[in-house]
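Chains, contacts and geometry: an overview
Read off the chains here:
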Amino acid sequence: MKSNTAILLLVALIALCAPAAEAHFRLLSPPPRNPGFCGAFTTGDCPFGGFDKSRANPKTSTFRRGQSVAVTWPRNNHPAGFIKLAIIPFGSPETLDNIDKNIVQFSCHEATCKSGFPNDPLGGDNKPEDTNICSTSVTIPSYLPDGEYSLFWSIYGAGSFFGRIFQGQTDYYMMSDFTLSGGAAVDPSLRPACPKFIPGDAHNPASKGVCKFFGTGKAMSCRPDGCSGSYRDGIPVELAQCLAANPGAGNGAKPAPPAPTSSASAPAPTSLAPPAAPQPTSAAPAPKPTVSPPAPKPTSAAPAPKPKPTIPAGCPKRKTVTVTKTVTRAPRSTV
């Protein structure tokens, strides 16, 4: 009996310690409503806020319009992915539809953190849990009036499921409640058509305008947890759809990586003439036939002598006949 109990305790300890080897994502700051892990697991989703509103406290933090707020979370051995930030009124529904209507920013998961192994950018942290800190910052929009709000944080498109690099992580999310008071003047016209996008991570410089992600690049698409897929570079699907519907919008968003020839000096195929033979009228035109000096006219000045007729070969030669004319004169008169 004691032996069986010891085995069960050992199995329980292994199960509890296994996630610690590759811990999950969670919001560290601003102060989350729930400091634990919350995600779209196969065993059932937890509330988007971690806890329901009965356990929320908007007085926890106070921000101003225009204030830059640091947002942090641990990498915890997971590479790639997108960070989505939304701000919803505290009294509004905490639904995915309402959240997606109030997204203020997308950024890259590994913008300020990376693998602990220089030769393996998709590797683990090589340091204790919750010590490889990733971060971004969000500016409290000036189109929001004073009141109570919830900052929604989520990560999706991340890889490495319990050490299996080519399996993905499901979405993890949390909320941080706050009070908005003062700051810049309220201006509803400053609300952009599409969310802001901050590109650049441990795999791509910001100039490429992309993040590395695993899977489809769409939120709530890695279901169940541990989905299969591959790593790619790009922007969130939701952002791409918004930019397609609102050309030129995005408040700094870049819809795609620069085209291969966008910064190259090579001309477009039709921008310059190909190196072929010059056209007759280009640069040095060919001289006109009657210009400088003109050709002499056949009948001007001294006319050319008429050529003697020639006797075709095989014809008999003409005979020359000499005619002698005898003239008789009358005698002169002597009278």
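See the structure printed just above.
Worth saying up front: this structure is predicted, and the values here are computed from it rather than measured.

Rules behind the numbers
Residues numbered from 1 in each chain as written. Predicted model: local features only at pLDDT ≥ 70, side-chain atom pairs only at ≥ 80, totals over all residues. Heavy atoms only, no water. Helix = DSSP H or I, 4+ residues; strand = E, 2+ residues; numbered from the N terminus. Buried < 20%, exposed > 50% of the residue type's maximum accessible area, 1.4 Å probe, protein only. Contact = heavy atoms within 4.5 Å. Areas by Shrake-Rupley, 256 points an atom, 1.4 Å probe, with all protein chains shown as cover. Phe/Tyr/Trp six-rings, centres within 6.5 Å; stacked < 30°, edge-to-face > 60°. Core = buried A, V, L, I, M, F, W, Y, C linked by side-chain atoms within 4.5 Å. Disulfide = S-S within 2.5 Å. Pairing = 2+ DSSP bridges. Axes fitted to C-alpha atoms, helices over the stretch in contact; angles between N-to-C directions.

What follows deals with the overall build of the chain. A count of helical and extended segments in the chain gives three helices and 14 strands. Counting over 335 residues, the chain shows a buried share of 38%. Look at the contacts in the chain between residues 6 or more apart in sequence, and 77% of them connect residues 24 or more apart. In the structure as shown, the chain presents an accessible area of about 20,400 Å², 61% of it carried by carbon and sulfur atoms.

So, about the packing of aromatic side chains. Summed over all chains, the structure comprises 12 aromatic pairs. Between F82 and Y156, the aromatic rings sit 5.8 Å apart at their centres with planes inclined by 50°, giving tilted as the arrangement. On the criterion of sequence distance, the pair formed by F82 in strand β5 (residues 82–89) and Y156 in strand β8 (residues 147–156) is long-range, its members being 74 residues apart. An identical accessibility class is assigned to F82 and Y156; each is buried.

If you look at the biggest cluster of nonpolar residues, it comprises 49 residues, and the most contacted ones within it are V71, L85, I87, W153, I155 and F178. If you list the elements that add at least two residues to this core, you get β4 (68–74), β5, β6 (103–108), β7 (133–139), β8, β11 (172–183), β13 (211–214) and α3 (237–245). Among all residues touching L85, those that are not within four sequence positions of it are V71, I103, V104, Q105, T136, V138, L151, F152 and W153. With six residues, the next largest nonpolar core counts A80, F214, C222 and Y231 among its residues.

A word on the state of the cysteines. Tallying each qualifying case throughout the model produces five disulfides. C222 shares a disulfide with C227; S-S distance 2.0 Å. Between C222 and C227, the S-S dihedral sits near -110°, and the bridge is therefore left-handed.

On to the sheet that holds β11, then. Strand order in the open sheet made by the six strands is β3-β11-β8-β5-β6-β12, with mixed pairing throughout. Of all strands in the sheet, those bounded by a partner on one side alone are β3 (62–65) and β12 (196–198). On average, each strand axis in the sheet is tilted by 30° relative to the strand beside it, whichever way the strands run. Bridge count between β6 and β12: three bridges; the pairing is parallel. Bridging from a neighbouring strand, S107 pairs with I198 of β12.

None of the figures reported here should be taken as evidence of function without further support.
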